[in-house]
Every structure is written in structure tokens, then in C-alpha cells.
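Read off the chains here:
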Amino acid sequence: MAAEHAPTRQRGNLPGEPDLVGRQQELSEAGRLLTSARLLTLTGVAGVGKTRLARRVADQVRASFPDGVWLVELAPLEDESLLPQTVAGTLGLGDQAARHPVQLLVDHLRDKRALLVLDNCEHLLTGCALLTDRLLREAPRLRILATSRQPLRLEGESVMVVAPLPVPASDVPYRPERLADYAAVRLFALRAQQAVPGFVLGPENLDTVVRLCRRLDGLPLAIELAAGGLRTLPADQILYRVGRRLEPARGTGTAVALTRHETLTAAIDWSHDLCSPGERALWARVSVFAGAFDLEAAEEVCSGDGIARDDVLDLVAGLVDKSILIRQEQAERVRYRLLETIRQYGMDRLAGLGLVPALQRRHRDWCHRLACLAETEWLTWRQEEWLARLRSEHSNLRAALEFCCSDPADARAGLEIAAALWPHWICGGYLSEGRHWLGQLLWLVPEETVARGRALWVDAWLATLQGDTSSAQPRLEECRALALRLDHPPTRTRCTQHLGGLALFEGDFPGAARLLQEALAGHRTAGDRNGVMTCLYQLTMACALYGDYRAALFGEECLALCESAGAQWSRSYALWALGLYTWRQGATRRGTELVRDALRTRWAVRDGWGMAQCLEVLAWIAASSGQPEAAARMLGSASAMWRSIGTSQSGFRHLAAGHEQTAARLRGDLGERAYEDAFRQGTELAPDEAAGRALHDPAPSNPMTPLADL
């Protein structure tokens, strides 16, 4: 039965329906174009409302895309080479395979009827064009809606220019009762009411508001900034001050019309004038963040040199009141962000003060402390909290690493950040990106240091988890030689552990157990609890897969360590390995319970690799327990998940034998056609559906012969 307790999730990640004023004609036209064009690009000047319109269009047509509508926010991304990983991550595809992420995307989207919304393409125009072209050629049912200040210039692209909102013409008297026909005026009135409760558009301010909307050329962002100013000034003062800002841009004594870009800049200039000196300084400084940030981050990065830490909260509140910062709630945390146009303005101000490198270093140092603290507290009750926190800071971590790669003088700090982030790369599903940064930084920092040794074993670990053992081996050989030259036992111990992990993934279970036991002793001596936990997990798996009774001892110790620390995600891996061994010893029901318990945690944290691992073993158990149809379905679901992260169980020799034996048994039990039908049904289930079914199907109750010689 399908899981009745499973959370219901609509496919895709589109936020709730955006607040949109006007645009009915544009909505209708964009919807019509998307029925025929596979690529629609919304173009227009900054601040004209392309993003909001694209979101509403996507929301309007989502029923036509059963495989989801996916919003990919590109504004925080600076490194064009990470564009495919960013799109894959948005789609929920773990960046965990050695295969190129473009191929991963192609394989995932090839038969999908989905809509991708690529928002803010202009600074990544070449990369977006190349990726879009490839995806549209190889995924015939895919459609793409892009926003950009320039078209992508691809064959078959439909381009729709987003114009400013209508305003009353200056040469024709307007009729007050018809002002509701003008979206620019409606937008101002709506935002004014939000800024100043009780604001009413009436005879005493009508003319002023109309003139202000004309002055701002109907640009939504400029209008919203002006309306936000009502918290400080009356409408006539706003009109006067905006006018003063606009006049110099026209040129003295000329009749040259302002471009809309100049109009927006003048409106932002006016908003900047309205800020206090402290608010201006903070606006410039927070522009160093990529994406969103919280108050603690702003206090740490932006205080000092004229801004007291205790004043940051009030300054942030002031910028929120003036519509400069956008406040948003994520889970139980409050975060803030700047619209990209506003952020670029702040960055220009920061550059004018000569402070960009200094703030980037402070931002880097904050990311460094964050990464190191997350690693230190990884095996604690805060584990899942840290996993969510690092995911929310992913854009900031990227920005810090990119800064470190831009200057050899800063690369050492980047190497330390990238290595400390191993929990994020592994648990967050960013294996390829972790290797990307580690590869660049190891090349930039060739000095023989403990930091280099650490980065080498982390890089090897990520490669091993991708099944790329040919790349892991030389990294570990270099790490071992370096550890000996530096006479650094912790590095030597980690190297030994990951050589054991390499042997495990290659199917050499006795060799893996030998190396892992040696490493376990080293971790115990050093008091490295993270090392002890991962070694115990790997030992449990190695012993379980070749029938060594010590699997139970290692597994129970690993489980006890995780439970005493309150580390739920790590606990799920101990449960999985222990469940595998328990089932192989003939305790089918208990083995099922353990693996299902592991699946619950992995499902909750959206660990695709871990969910596939659980479904794989649950399929083995069901196949050996007289439930062939359920087993074939789970095998199909596991295979779809492996494929979604760009790998397969056949790429990991420690799992390949069990998978092949299970498939062979099921073909014999069901017959080829029935097996293929059930397997296909499993591949068509969304991850939530697959996990829900696996958790709520009747548990196997009649133990049969476990699969032999796994």
C-alpha cells in the first residue's frame, strides 16, 4: 500500500504564488508562447519585474508539467563552471557521481515533462545558452523559461520583452475613477499601505502619486522603493527628492530622456540618501553575502570600523523598513537578502570605498569559522541542524571558496574550508563540487603541510564515494607519504582508514577490515570520535558483507556512540549496516526494522544516496522473504534513485553482487515480464512515494534463504 502517512509534496520547488500587480496581458501571452516554444526568455531592464512575472507564469502552467516546475536561482552564482551542479542540486539530484553533471542532468530529464525556470541568466549568458541548448536537444519534453537582461540567442528561442507598468500619460488628463486601470499606481498604493497602515489614495495625494509613478517610468522596483520611503517622508517630499536625483542625470539644459536604467539608479540613489550613515554602511557591507544571510552573520562580518555589533540589529531593521533588505523565514530562522540590483549597487558603493577585499576576507573568515564549527559539532545532537545550516549557506560558502581561489595568498584558508566541509559535501549531496574546490586549492597550495594532507584524504574519500577509485588511490598514496614525512599520526590514521574504505568499495572485505581495524586503534588513541564512528560503520559493513560475526560488535558500538551523541544522521548509517548483517544472520523481521529505521532519517533529511542504499537492501530482504513484487518495485525505485545521483549500485562492488543476485532471483520467481513491470513501476515512483511504500508495506515474516556470497 502507498504510505498514507507520507508527507504530500508537489513535484518541483516553486514557492507560493507571488504577489503580482497587473501583468494580465503578459501572463496570457507568456502562457500562450509556452504552449509552442520550448524556450521562452523574458527580457527587460533591471527592476522591471522579470522574476516575479516568471514565477507567476510558472505557477499558472504547473499543471501541464507532471514532472515538476523547478525554479533555479542563478543570481548568487558567480562561477559559470558550477552552473550544471546548481541546476542538478535544484532538481534534487545529488552531486555525488563522478559522471559529469551535464550528463547527469541529461539522463534525468531525458524522458521528463518538466519546466525549468532559469532566473537571472545575464551574468552567465554563455553557460546558460550552452546548457539550455544541450538539455533541449536531448530532453524532448522539457521546456525552459528564462529571465535575462539579454536573450540567450538560441535557435527556436521566443523572446518576450517585459515593459514597465502602465502609468497615466502626461499629456492627457487622467480620470481619478480610472486610476485603478494603471498597474503602476495600484502597486504604489498597495506597497504604501504595507509600509504605512492606514494609507489611503485620495484627492489630497492622487496627483503626487501619479506624478511620482510617471517620474519612475512605471518601474516596479523603483515604485516599491519610493512607497517604502513613506515610513520616513510624505509623498510630496518623496516626489521632490526623487526629482532632484533625476534632474542631474538628464544633463543641464538638455531634453535628453532618461534611460530606464538611469531612472532605476536614480531611485536607488534616492533610497540611499534616505538611509542613515550607519544604514548606508551596512547596505554596502552586506552586499558581500551571496544569497541570504542571518543576523548573526551580519553582526560577525559587518560590525567594526564604525558599526558597533549591538547596532547591527537596528540597522538591519531600518533597511527592512526601507525595502532595501527582504526579510524571509526559513524553518525557525529569520534570514535577509538583497535583490540582485540592490546588491550590485551596494557592492559598487563598497568598491568606491576601497573595502571590497577587506569585506571579502571577513566573509571568508566567517565561512571558515562556520565550517570548522560544523565539523567540530558534527557528531552531536546538532548534526541535522548543521546539515540544514550548511545547505542554507551554500551560496556563501561557494563565494568564499571562489574568493580564496582568486588569490594564492588566500588559497590556504580556502583549502582548510574545503576540507572542513566534508560533512556538507557528503551529507548535503555535493561530492563533485567538493572535489572541484579541493582540486583547485590543492593545485594552488602545493606546500607540504598538515592542511594539505587533510585535503588529500578528504578528496580521496569523496572520490571513493563516487566510485572513482582510480582517482582516490593516488591521492591516498600522496597523503601517506606526506604523513610520514611530517610525522603526523592523525593524518596517517585517516589515510589508513580511507585506504580501508577504498578496499571495501572494491569488494576486498578482509583487506578492508584489516586496514579499518588499524585505523580504529589510531582514532581511539587520538580521541577522534568522528573517526571512530566512521571506522566502526565501515567495519560493520565490511564484516557484514563477508559474514564475519564481529559485524554485530562493531555495529552495536557504532549505534551506541551515535545514540549517546544524539547524531541521528550518523545513527541511520549504523542502523543500515547493522540491519544488513542482522538479516544475513536470518533475523528477517529485525533486519527489516533496522533498515526501515535508517530510511526514516534519510528520508527526513533528503539524503538521496542513503535512501537508495536502504531501498536496495530492503529489496534484497523482500526477495529472500517471499515478497517478489514488492522487492522488484523497490529495486526499481532504488535504481531510479541511483540513476538520479548519477551512479548505480554496479559502480560499487560491495553492493553489486547482492543486486545482481536479487534481480536474478526475482526474474525466476516472477517471470521476465512480471519482473520488468514491477521494476518499471518502482522507477516511476517519486522518492517520497517510494520511501513511503517501503516503510508501510507489510514487514517480511517468513524467513527464507538469504542471498549467499554477497
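Rules and cut-offs
- Residues numbered from 1 in each chain as written.
- Predicted model: local features only at pLDDT ≥ 70, side-chain atom pairs only at ≥ 80, totals over all residues.
- Heavy atoms only, no water.
- UniProt positions renumbered as here; feature names shortened; annotations may be inferred.
- Helix = DSSP H or I, 4+ residues; strand = E, 2+ residues; numbered from the N terminus.
- Core = buried A, V, L, I, M, F, W, Y, C linked by side-chain atoms within 4.5 Å.
- Buried < 20%, exposed > 50% of the residue type's maximum accessible area, 1.4 Å probe, protein only.
- Contact = heavy atoms within 4.5 Å.
- Pairing = 2+ DSSP bridges.
- Expected span 1.5 Å × (residues − 1).
- Salt bridge = Lys/Arg side-chain N within 4 Å of Asp/Glu carboxyl O.

## Re the UniProt feature "domain: Winged helix-turn-helix" (unreviewed entry) in the protein
Then, number 1: Summarizing the sequence annotation, UniProt attributes the feature "domain: Winged helix-turn-helix" (unreviewed entry) to residues 277–350 in the numbering used throughout.
Then, number 2: In this annotation, residues 277–350 is assigned 53% helix and 19% strand; the end-to-end C-alpha distance for the span is 14 Å.

## Some points on the nonpolar core
Then, number 1: Membership of the largest hydrophobic core comes to 243 residues, with the highest contact counts inside it found for L116, F188 and W576.
Then, number 2: At twelve residues, the largest contribution of residues to this core is made by helix α29 (residues 608–623).
Then, number 3: Residues in contact with W576, not counting those within four places in the same chain, are Y537, M541, V595, A598, R602, Q613, C614, V617 and L655.

## What to know about the environment of A88
Then, number 1: Summarising the element assignment, A88 is placed in helix α3 (residues 83–90).
Then, number 2: In sequence terms A88 and I268 are 180 residues apart; their C-alpha atoms lie 35 Å from each other.
Then, number 3: When residues no more than four places from it in sequence are discounted, the contact partners of A88 are L93, L104 and L105.

## Here we look at the sheet that holds strand β7 (residues 325–330)
Then, number 1: If you trace the three strands from one edge of the open sheet to the other, you get β6-β8-β7, paired in antiparallel fashion. Among the strands making up the open sheet, the edge pair consists of β6 (293–294) and β7.
Then, number 2: When β6 meets strand β8 (residues 333–338), the two strands line up antiparallel, connected through two bridges. The residue of β8 that forms the bridge with D294 is R335.

## Thoughts on helix α5 (residues 125–138)
Then, number 1: Helix length check: α5 (14 residues) gives 20 Å between terminal C-alpha atoms against 20 Å at 1.5 Å per residue, within 8%.
Then, number 2: Turning to α5, its buried residues number three or more, namely G127, C128, A129, L131, T132, L135 and L136.
Then, number 3: Lining the buried residues of α5 we find β1 (39–43), α3, α4 (101–109), β3 (115–119) and β4 (143–148).

## Thoughts on the pattern of salt bridges
Then, number 1: Here the structure, examined in full by the defined rule, presents 47 salt bridges.
Then, number 2: A salt bridge links R343 to E78; the nearest nitrogen and oxygen atoms lie 3.6 Å apart. Of this pair, R343 sits in helix α14 (residues 340–352) while E78 sits in the loop between β2 (69–73) and α3; the two residues are 265 residues apart in sequence, bridging distant segments of the chain.
Then, number 3: Looking at E78, the relative accessible area reads 42%, which means it is partly exposed.
Then, number 4: The network of salt bridges with shared partners includes D294, R333, R335, R389 and E393.

## Focus on unusual backbone geometry
Residues other than glycine predominantly adopt negative phi, and peptide bonds predominantly adopt the trans conformation.
Then, number 1: One non-glycine residue, N120, lies in the positive phi region at around 70°.
Then, number 2: Within the fold, N120 resides in the loop between β3 and α5.
Then, number 3: On the basis of relative accessible area, N120 is assigned to the buried category, the value being 16%.
Then, number 4: Positioned with a positive phi, D217 is a non-glycine residue whose angle comes to about 60°.
Then, number 5: In this structure, D217 sits in the loop between α7 (206–215) and α8 (220–228).

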